[in-house]
Amino acid sequence: MVAESDARPLREELEYICRLSADLRDMLRQQREALKDGGFHLPPGTTTTLDTVVRRAELAASRAAALEHERDQYRALAHVAALINSSLDLTQVLNEVMDTIIELTGAERGYLMLRNEETGEMEFRIARNVDRETIDSAAFEVSRSILNRVAETGEAVVTTNAQEDARFQDAVSIVSYSLRSILCVPLIVKGEVTGVIYTDNKIHAGLFTEETRDLLVAFANQAAVAIENARLFARVTATLEAISAMKNLQDNIFASIASGVITTDDLEHVTLINRRAQQILDLEDREQLVGLGLRDILPMLGPRFDTMLAQILLAGQRLTGIEFETEVGRRGRVNLSMNLSPLRDAYEHTQGVAIVLDDLTDIKRREAQIAGVRRYLPTEVVDGIRSAEELKLGGTRQVISILFADIRGFSTFSEQLVPEKLVEILNIYMTIASDAIHMQQGVIDKFMGDAVMALYNTPLRPQQDHALRAVRTAAAMMADIRAYHQTAAASERLQFGIGVHTGEAVVGNIGSPERLDYTAMGDSVNLAKRLQEVAKPMQILLSDATYQAVKDYVVVSELEPIQVKGRTQYTKVYELVRVS
């Protein structure tokens, strides 16, 4: 190949010699006749030699022009190869590739397909024309036969006149689209066909040569690498964007959740700590905490925590609901709950620890307070407190069942015992009564010395069968007392009298803003109390209202109507014999 610095001067010199030789030949032809008349003759073969010189000079000039064109093509190839390899934008790379191919080959248009990395199918990516314009793929008529052949074999195809090429006589598209010059080469990366470049010209036959094919194949090899790099960069960019979005989402989640979150690497260095963990542990400068040792930010939790941490890192165990009581900075004594889990990689290797912290200090303090309150208020009342509104004075009017139980002869009994022994025995009978009430989900209103009052169907615990529950409580209470008497000393055998009534009452918080009592008030409560007062030892008396509500479940003895204290009318009374 002629060097670039010499190619143009040589072609011009050859063209000049060609013109001089042609002029000399023409002059000798003109002078040959004149010389002949004067008796002079030119040496034999003079004009023939000049003809040969002219032809050789013209051939040399043509060859120089071809070399110059080839030089320009390779120079353009090197320039564009450098250009496309300097960009990682896939669209820009594809446009540069197609525009360069059209310019190098003289094609009218170019078409590029790339193999889908997921499906393996060839898909259209871009089509360009000689004016560097993008063409809609739907309007780009190509020979699918040639495209498929190159994609399958990985070998370039060039045809100078597709209409007369015996290889493609059966290709309908070549005939119907009037395709002539076609050049199609594969894009190959690491021995795999990753795409196809297709160029054609409908007008000119013989446009593409073997040299053009070789040039395009060389260019396609570089373009394939550039395209693959751009695709790889696009994948990496998309992955980084997804990771960045996920990281932002993770940070937002960690910042918003109510629990504290701390993660570490396998060397126990902190890799993440959210704002809530910082608040719980009374830490400042959250950003500066990352990288510190876990024990540098956690309070002293003792060897128990060290053992658990070792179990997680070495054995990959997960521990939940672990509670610690410790000192934390300015907050003082706190109660912490921790869930500890191993952080594993794709190979299930433990790479660190995740700790979820919850501050139980206020909850533990409230539980301690409530535990004290439970000793003085019904459990249902304490459990039902959800807000301060429920602690205000006021009540609800509704139908309830009331049970009163009282120990008979307790005053005389108490005179015979020291106070300590008396309280011990009384607590046994009150416990029997409490167990029977709770078994039927009643609410213990209060203990009144040697008596107990229970309510059923309160707003805290609605019950449709409240009358039946009250009656069953009374029966269970009597049965349990009789059972206790089988083992108790004769001197410690006490007996209950029980009254049960069903009616309307006001139930709620009674008292003052400083001292509340959850109870029931009304005539119905008074009647239940009066029934209990007239009941004989180990006798259960039911009002008519209660009996009517449970008559399908009980066996009773109807007693003579009685006139209870505070009422002018007589009241029907029933003695409970049995309840199912």
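Just so it is clear, the structure is predicted and the values come from calculations on it, not from any experiment.

Caption draft 1: Structural detail: the pairing of strand β5 (residues 192-201). Of all 10 residues making up β5, nine are buried, and the element is well covered by its neighbours. Inspection of the sheet shows strand β1 (residues 109-115) paired to β5 by six bridges, in the antiparallel sense. The partner of Tyr111 across the bridge, within β5, is Tyr198. Relative to β5, strand β4 (residues 181-189) runs antiparallel, the two sharing nine bridges. Residue pairing for β5: Pro186 is matched across the bridge by Val196. Here β4 folds back onto β5, and the loop between the two strands holds two residues, one of which, Lys190, carries a positive phi near 55°.

Caption draft 2: Highlighting unusual backbone geometry. One non-glycine residue, Glu268, lies in the positive phi region at around 70°. Position of Glu268 relative to the elements: it lies in the loop between β6 (260-265) and β7 (270-273). The backbone of Glu348 shows a phi angle near 65°, a positive value even though the residue is not glycine. Residue placement: Glu348 occurs in the loop between β9 (332-344) and β10 (350-359).

Caption draft 3: Layout of the packing of aromatic side chains. Enumeration over the complete set of coordinates arrives at five aromatic pairs. With a centroid separation of 6.1 Å and 75° between ring planes, the pair formed by Phe305 and Phe324 is classed as edge-to-face. Of this pair, Phe305 sits in helix α10 (residues 302-315) while Phe324 is found in strand β8 (residues 319-328), placing the two residues 19 residues apart along the sequence. The burial state of Phe305 is the same as that of Phe324; both residues are buried. On the basis of an interplanar angle of 20° and a centroid distance of 4.3 Å, the ring pair of Tyr547 and Tyr574 is categorised as stacked. Taken together, the residues span a long stretch of sequence, with Tyr547 in helix α17 (residues 544-550) and Tyr574 in strand β18 (residues 573-579) at a distance of 27 residues. Residue class for Tyr547 comes out buried when judged on its relative accessible area of 18%. Judged by its relative accessible area of 4%, Tyr574 falls in the buried class. Among the aromatic residues, those joined into a ring-pair cluster are Tyr429, Tyr484 and Phe496. Looking at Arg304, its charged tip hangs above the ring of Phe324, at a distance of 4.5 Å from the centre.

Caption draft 4: How the structure looks around the pattern of salt bridges. Under the criterion given, the structure shown has 16 salt bridges. Note that Asp282 is salt-bridged to Arg330, the shortest N-O span being 2.7 Å. On the criterion of sequence distance, the pair formed by Asp282 in the loop between α7 (275-280) and α8 (286-289) and Arg330 in the loop between β8 and β9 is long-range, its members being 48 residues apart. Of the residues examined, Asp282 reaches a relative accessible area of 22% and is grouped as partly exposed. Between Glu325 and Arg333 there is a salt bridge, and its shortest N-O distance comes to 3.6 Å. With relative accessibility at 45%, the residue Arg333 sits in the partly exposed group.

Caption draft 5: Quick peek at the side chain of Thr263. With respect to the helices and strands, the residue Thr263 is situated in strand β6. There is a polar contact of 2.7 Å between the side chain of Thr263 and the side chain of Thr271. Not counting residues up to four positions away in its chain, the partners in contact with Thr263 are His269, Val270, Thr271, Leu272, Leu343, Val353 and Ala354.

Caption draft 6: Representation of helix α14 (residues 419-439). Compared with an ideal rise of 1.5 Å per residue, which puts 21 residues at 30 Å, α14 spans 30 Å between its outermost C-alpha atoms and is within 8% of the ideal. Residues of α14 that are buried include every one of Leu422, Ile425, Leu426, Tyr429, Met430, Ile432, Ala433, Ser434, Ala436 and Ile437, and no others. Gln441, located one to two residues past α14, shows a positive phi value of around 60°.

Caption draft 7: Spotlight on the pairing of strand β13 (residues 451-456). Among the six residues that make up β13, six are buried, leaving the element largely enclosed by the rest of the structure. Side-chain alternation along β13 places Ala451, Met453 and Leu455 on one buried face and Val452, Ala454 and Tyr456 on a second face that is also buried. In the sheet, strand β12 (residues 443-448) pairs with β13 via five bridges, with the strands oriented antiparallel. Bridge pairing in β13 places Phe447 opposite Val452. Here β12 folds back onto β13 in antiparallel fashion, the turn holding two residues, of which Gly449 has a positive phi close to 65°.

Quick notes on the rules
Residues numbered from 1 in each chain as written. Predicted model: local features only at pLDDT ≥ 70, side-chain atom pairs only at ≥ 80, totals over all residues. Heavy atoms only, no water. Buried < 20%, exposed > 50% of the residue type's maximum accessible area, 1.4 Å probe, protein only. Helix = DSSP H or I, 4+ residues; strand = E, 2+ residues; numbered from the N terminus. Pairing = 2+ DSSP bridges. Phe/Tyr/Trp six-rings, centres within 6.5 Å; stacked < 30°, edge-to-face > 60°. Lys NZ or Arg CZ within 6 Å of the ring centre and 35° of its normal. Salt bridge = Lys/Arg side-chain N within 4 Å of Asp/Glu carboxyl O. Polar contact = N/O pair within 3.5 Å; in protein donor to acceptor, adjacent residues only side chain to side chain. Contact = heavy atoms within 4.5 Å. Expected span 1.5 Å × (residues − 1).

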